[in-house]
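Next come the chains, spelled out residue by residue.
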Amino acid sequence: MAGDVSFDVVSDFDPQELRNALDQVRREVSQRYDFKGATVELTQGSDELTLLTDDEFRAKAVRDLVESKALRRGLSLKIFDWGTIEPAGGNRVRQHIELRRGLPDDLARRLSKLIRDEFPKVRPQIQGDAIRVSGKSKDDLQRVITRLRGLDEPVPLQFENYR
């Protein structure tokens, strides 16, 4: 199949950009007057963030800061799955923020079915947490990308390896 062209539909984010956005949040929190003397700890794990702060008001303010800095760094807000704010002891609250990465199985199957139904000349193939879409015509693949960009999915979609 030498004449085939393809691309991958993935859901991912740049971890370095996220780290930079969190560093900006930490710097701004240390300089802002309304956070003077307040405890704000924002730690990053491999697939989650943990926010520890004094009260719900400050947790919501840090959430706004994280979202604004992430947008400025080119990250989608769909990567964050904000958990509930729970008491952490010592008059503090904790919030776990899951980081969404990869296409869930049900979403991958649904997107694959949509591509098969609406675009009979292309072939979607689920490969782990990505979908490889291949076909003979670049124009067909560009129509698929345009259609998928118009969807409102719970995860951000990127299109890679277009060849």
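Quick note: structure is the one above.
In what follows, the accompanying structure is described. (Residues numbered from 1 in each chain as written. Predicted model: local features only at pLDDT ≥ 70, side-chain atom pairs only at ≥ 80, totals over all residues. Heavy atoms only, no water.)

**Some points on helix α3 (residues 105-118)**
Okay, step 1: Taking 1.5 Å per residue, 14 residues should reach 20 Å; α3 reaches 20 Å between its end C-alpha atoms and fits that length.
Okay, step 2: Of the surrounding elements, those touching the buried residues of α3 are β6 (122-127), β7 (130-135) and α4 (138-149). (Helix = DSSP H or I, 4+ residues; strand = E, 2+ residues; numbered from the N terminus. Expected span 1.5 Å × (residues − 1). Contact = heavy atoms within 4.5 Å.)

**A short note on the nonpolar core**
Okay, step 1: Membership of the largest hydrophobic core comes to 21 residues, with the highest contact counts inside it found for L18, V25, V62, V66 and F80.
Okay, step 2: Of all the secondary-structure elements, those providing two or more residues to this core are α1 (15-31), β3 (48-53), α2 (56-72), β4 (80-87) and β5 (93-99).
Okay, step 3: With six residues, α2 is the largest single contributor of residues to this core.
Okay, step 4: Ignoring sequence-local partners within four residues, the contact set of V62 consists of V25, V29, F35, V40 and L51. (Core = buried A, V, L, I, M, F, W, Y, C linked by side-chain atoms within 4.5 Å. Buried < 20%, exposed > 50% of the residue type's maximum accessible area, 1.4 Å probe, protein only.)

**Some thoughts on the packing of α3 against α4**
Okay, step 1: Viewed as axis vectors pointing N to C, α3 and α4 meet at an angle of 130°, and their least axial separation amounts to 11 Å. Considering the angle they form, α3 stands oblique to α4. Here α3 and α4 pass one another in a crossing that is right-handed. Here L111, L114, I115 and E118 of α3 come into contact with α4, specifically with V144, R147 and L148.
Okay, step 2: Of the residues that constitute the contact of α3 with α4, the class distribution is five nonpolar, no polar and two charged. (Axes fitted to C-alpha atoms, helices over the stretch in contact; angles between N-to-C directions. Parallel < 35°, antiparallel > 145°, perpendicular 65-115°, else oblique. Left-handed = near helix turned anticlockwise from the far one by under 90°. Nonpolar A, V, L, I, M, F, W, Y, C, P; charged D, E, K, R; others polar.)

**Examining unusual backbone geometry**
Okay, step 1: Even without glycine at this site, N91 takes up a positive phi of about 55°.
Okay, step 2: Along the chain, N91 turns up in the loop between β4 and β5.
Okay, step 3: Its relative accessible area of 73% is what places N91 among the exposed residues.
Okay, step 4: The phi dihedral of N161 is positive, around 55°, even though this residue is not glycine.
Okay, step 5: Following the sequence through the fold, N161 ends up in the segment after β8 (158-160).
Okay, step 6: N161 gets classed as partly exposed once you look at its relative accessible area, which sits at 40%.

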